[in-house]
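Coordinate analysis (summary)
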Amino acid sequence: MLESHPGVPLIKHLKAVASNCLEIARKNSTDFGFSQKTKETLVYICGVFHDLGKATSYFQDYLKNPEAEHSSLKNHALPSAVFVFYVVQRFTETLATDEKELGYFMASTCFTIVKRHHGHLKDFNNEISIEDKYDNLQKQYDAISPVEAQNIIDKCISEHKLSIDWNRFVSWFSSGGFKRDANIAYLDFELDQFDNWEMGQKSSAYFFFLWMFSTLLYSDKSDVILAGAFPILPLPRIRYLDEYRKKNGFNKPTSQINQLKNEAYYSVLDRLNQKFDPKQKLYSITLPTGLGKTLASFGAALMLKSMANLKEGRIIVAIPFTSIIDQNYKVYEEVLNNPDSNMLLKHHHLAELQYKDGEDSFRSSEESQYLIETWQSSVVVTTFVQLLECLITNDKGKLLKFHSLSNSIILLDEVQQIPYQLWQTVRQAFFTTTEQLNCYVILMSATQPLIFHPGEEIKELVADYQKYFSFFNRTKLINKTAKSIPLQVFIDEVLVYIKESPNKDILIILNTKKTTLTCFRELRKVLPENTELRYLTTLITPYERKKIISELGNRNPNKQYIIVSTQLVEAGVDISVDTVFRTLAPLDSIIQAAGRANRYGKKETASEVFLYKIDEQYPISCRLYGKELILKTELVLGDQVHIEEKEYLQIITEYFKQIQDLSNYSDKKLINDLLSLNFDQVGKFKLIEEVKSESMFVALDDNAKDVWKEFVRINEDKDLSDLDKRKLFSKFKPKFYDYVINIPIPYDKNCLEMPIEAYKGFYMYECNNMDNYDIYLYDQKNLAMNEGYIYKSLALISF
């Protein structure tokens, strides 16, 4: 019996994978310019023959004795891919003229995804060239029993009315058929067809590759991991949201701001109901901070799902930062009544890998990880990184979930966080995926960027949204950037304001961790006892940040709170203060910072948001954000000193017009690589630029120490394989990383030169004799000077 895996008949695996491929093709609406039957047949051929190369005696010998030494002849992907190319060629000969003209593209696409189904996609232009593999391929085909091969073929494609003869295929290959057909067709396609395609057609070709690849990868891996035990995804309905709003009294508001929230919510639903057009795929929700975009967008998504009849699709909520995912996820969890994972799941690199399959029932660690990473849920809360790096990638791990975008509603929260350099690429990606995968996109922000042309390409769902901005007078921006001042002068002015305003809670936002640390220490020296000082940056662990944010939501009304932070608090963190001090940054960040003041409109007068230009910060800010964004901000602000909240929309609109010009002239290399199917180059895309750093685990308390001990125990257990260790670690990975910080490595060094050795990539620092709750802070100045002994400058700051 030929096997695909130990104890699994090869033909059983091939049929299961082909069946999975076919189900995806039938359930998910796609276009790509091919008929439904053609798409189904193509993915079926890929699925049913993707492992045919395992029929060689070389691979079967390897399965029986994997520990022995084996040659590369045991490899199965390439012989499978060449056969798939041959079968697709025969299939395309039966098609109508318009599709037959794309025969080479279909055959080479199928060839490539089968060839690469155990790796990453490579540049399309180079894939078909396999001259150095012909001798090995001939040996592999000679090592397959013609009777066994024909038996598999007959049993697998009889329903698709294809007549494929194994011996004829082998004869075709042996006589140079692949070399001849592939090379001639390639030249014809590359010179006469592909170069003449328009941008939209090339973009469709790129995403067709991703969809085919994703469908095969998911179908193959699912058979191995799930063995048919797929979760059933329930249909979320808008009644869940109606009941949640009724339960919390949102439908009967008592305050003015809640009345506006309620009005905006129904404005979105009414406008969608009146203006819905199945061909209109891009929408926006533009509302001031604190006016309920989360629930309004979820209501719109549920209504869109029903109106567009997207029963099989998901609602995918993408959020820019992992630091605010938990907060948003909790809202969806409450709306959906604490559901199982098939209804709602959270996915980012630190998410808990437990897939809840019923009350007190969970899938195994391997199944859980797979189901979460492939978005097997009706509602998925994830990050921009997970979404955009699924659209722009060649990585098989990231592409496992790509097919799940089909028929989905995608909500992008705080969309202004997408760098303007990516606007053109993101714009093209969403144009194509919405059209070809039949999905809808809703962009949400208080500061809507001009990625798409308003009114033409994207439709606003909030009727007369400008009035919501003109209504509010919660804050006023006081622009003090006409003159740049030293950091110490800024701190002195803040101190004067704190002492003159003892009843005001104040948020200070600076652009670098080094300056926040300096500011924090200076304030700590002189603040009165009744003042609670809090520090909120990535210099402290996620555990501490969560605890501080929670505490700030339940402050002692009899005390004054001063918070020193970076831009970490600007997007989505649900805190409200009386006054904000902000150093110069891009205008959208400044408006987001203003949204942390008087968030709920409870003050009778507008809260002050002071904007400063600081000598030590300006050059670093230009490097951090990009000098052009800082200059555009200064240009738009001009000599205005006082700007009320009702004027924010006007200045942010002007700002994004300026940024749109920058976007139009930004580097086009990424989008050109995407359109040229240069997958190697596309695979280098990272939404967040990686910074050289090393990781430190900080054992803050007994729980953290227990987590570290478990980490060490697993890694020291010689009876566990590396795979077993990874599985066990995945069970407490989120808890582990709650105590981890990343320390930047100086640009001229390769490491931190710590006085201790790292264990499995982590330095461990144990905090002892800590009273109640402490913050440890690293002296970044000493670190930058590379003194090496960071521990000498540890400052334990007790609250």
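Taken as a whole, helix α10 (residues 166–174) has its buried residues at Trp-166, Phe-169, Val-170, Trp-172 and Phe-173. Projected down its long axis, α10 shows its buried positions confined to an angular sector of 160°, all on one face. Regarding α10, its N-cap is Asp-165, as a side-chain oxygen of that residue lies 3.2 Å from the backbone nitrogen of Asn-167 further along.

This part covers helix α6 (residues 103–115). Helix length check: α6 (13 residues) gives 18 Å between terminal C-alpha atoms against 18 Å at 1.5 Å per residue, within 8%. Across the 13 residues of α6, 13 count as buried, placing the element largely inside the fold.

In this section: the sheet that holds strand β13 (residues 506–509). Strand pairing in a sheet relies on backbone hydrogen bonds. The paired strands run either parallel or antiparallel. Taken together, the 7 strands give an open sheet; going across it, the order is β14-β15-β13-β16-β17-β12-β18, and neighbouring strands pair in mixed fashion. Sheet topology places β14 (531–536) and β18 (642–644) at the edges, where each strand pairs with a single neighbour. Taken over all neighbouring pairs, the strand axes of this sheet differ in orientation by 15° on average, direction set aside. Of the pairings in the sheet, the one linking β13 to strand β15 (residues 560–565) comprises 4 bridges and is parallel in character. Bridging from a neighbouring strand, Ile-509 pairs with Ser-565 of β15. In the packing of helix α22 (residues 487–500) onto the sheet, contacts are made with β12 (475–485), β13, β15, β16 (579–583) and β17 (607–614), and the angle to β17 comes to roughly 165°.

This next bit is on the state of the cysteines. Taken as a whole, this structure holds 0 disulfides when the rule is applied. Cys-46 takes part in no disulfide bond, and the closest cysteine sulfur, belonging to Cys-110, lies 3.5 Å away. Since its relative accessible area comes to 1%, Cys-46 is described here as buried. Since its relative accessible area comes to 0%, Cys-110 is described here as buried.

Ranked by size, the top nonpolar core spans 241 residues in total, and within it Val-82, Phe-178, Leu-412, Phe-430, Phe-490, Ile-508 and Leu-523 carry the most contacts. The element best represented in this core is helix α12 (residues 199–225), accounting for 13 residues. If near-sequence neighbours (up to four positions away) are discounted, Val-82 is found in contact with Phe-111, Ile-130, Leu-137, Tyr-141, Phe-169, Trp-172, Phe-173 and Phe-178. By size, the runner-up hydrophobic cluster in this structure holds 24 residues, among which are Ala-699, Phe-729, Phe-736 and Leu-752.

The rules behind the values
Residues numbered from 1 in each chain as written. Predicted model: local features only at pLDDT ≥ 70, side-chain atom pairs only at ≥ 80, totals over all residues. Heavy atoms only, no water. Buried < 20%, exposed > 50% of the residue type's maximum accessible area, 1.4 Å probe, protein only. Helix = DSSP H or I, 4+ residues; strand = E, 2+ residues; numbered from the N terminus. Arc of directions from axis to C-beta. Polar contact = N/O pair within 3.5 Å; in protein donor to acceptor, adjacent residues only side chain to side chain. Expected span 1.5 Å × (residues − 1). Pairing = 2+ DSSP bridges. Axes fitted to C-alpha atoms, helices over the stretch in contact; angles between N-to-C directions. Contact = heavy atoms within 4.5 Å. Disulfide = S-S within 2.5 Å. Core = buried A, V, L, I, M, F, W, Y, C linked by side-chain atoms within 4.5 Å.

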